Each structure stands twice: as structure tokens, then as C-alpha cells.
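Reading the structure
What follows is the residue order along each chain.
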Amino acid sequence: MSDSTVQCWLVEREIGDRDFVTLVYATPDGSRYQQHERSSTALRTGPTVTAATEIPEDELEPVPDDETRKRYAEEVDRTAERYDPDDPI
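Predicted, not measured: the structure shown is a model, and the values here were computed from it.

What counts and what doesn't
- Residues numbered from 1 in each chain as written.
- Predicted model: local features only at pLDDT ≥ 70, side-chain atom pairs only at ≥ 80, totals over all residues.
- Heavy atoms only, no water.
- Helix = DSSP H or I, 4+ residues; strand = E, 2+ residues; numbered from the N terminus.
- Rg over C-alpha atoms; globule rule 2.2 N^0.38 Å.
- Areas by Shrake-Rupley, 256 points an atom, 1.4 Å probe, with all protein chains shown as cover.
- Lys, Arg positive; Asp, Glu negative; His and termini not counted.
- Charge placed at Lys NZ, Arg CZ, Asp CG, Glu CD.
- UniProt positions renumbered as here; feature names shortened; annotations may be inferred.
- Pairing = 2+ DSSP bridges.

**Details of the overall build of the protein**
- A tally of helices and strands in the protein yields two helices and five strands.
- From first element to last, N terminus to C terminus, the protein shows the α and β order β-β-β-α-β-β-α.
- Radius of gyration (C-alpha) of the protein: 13 Å, near the 12 Å computed for a compact globule of 89 residues.
- Projecting the C-alpha coordinates of the protein onto the three principal axes gives extents of approximately 30 × 30 × 30 Å.
- Put simply, the protein shows about 5,700 Å² of open surface, and 44% of that area lies on carbon and sulfur atoms.
- Averaged over its 10 positive side-chain charges, the protein has a centre that lies 5 Å from the centre of its 22 negative ones.

Rendered as C-alpha cells:
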């Protein structure tokens, strides 16, 4: 297990049909990501979703295709321009 972390930015938030929200955080270059689901209740009562978060390197997955990598990198740029890392989003 790695002690090293990477600052990742929120690039996607999707509301599912089971009362869950899928959150995707990606590295600044869009090449790696972490995705997880939180219930709408957990979003209201749990930790705040922030513009960026530190994620252990070994918990990041490679982004499978160039189109998604480019989209994630562009979304990181947009998010970073509008928000500070600790801003709720």
C-alpha cells in the first residue's frame, strides 16, 4: 500500500435511479480516476463533497480511453478555475 496521495478533482456527478449519486474524481491530466457511490442521505448528513480531495495513488484506476481522459482533464481545469480544493460543490 502506498503512502503517496494525488490531488484529484470532481469531474462527474451522476444521480442514479436507486437514490445513489455516483461521484468521480480524476487526476489533473485525466489519466486516472476514482469512482464511488453515496446515498442521497449520506450526501446530506455525511462528509461534504469538495471540489478536490487527496486520494491514495494505489486506489486510482486508469481511465480506459482517450476521449474520457480528455474530458476529465478539461473538467478538472474548469473545476479548478471555479473552486478552491476545499470548497463544497
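**Here we look at the UniProt feature "domain: DUF7967" (unreviewed entry) in the protein**
- UniProt's entry tags residues 3-89 with the feature "domain: DUF7967" (unreviewed entry), counted in the numbering of this structure.
- With 26% helix and 38% strand, residues 3-89 has end C-alpha atoms that lie 27 Å from one another.

**Some thoughts on the sheet that holds strand β4 (residues 52-56)**
- The strand order β4-β1-β2-β3-β5 describes an open sheet built from five strands, whose pairing is antiparallel. The open sheet has two free edges, formed respectively by β4 and β5 (61-62), since each of these has just one partner strand.
- Sheet analysis places strand β3 (residues 32-39) next to β5, joined by two bridges and oriented antiparallel. Along β5, the bridge assignment pairs Tyr33 with Glu61.

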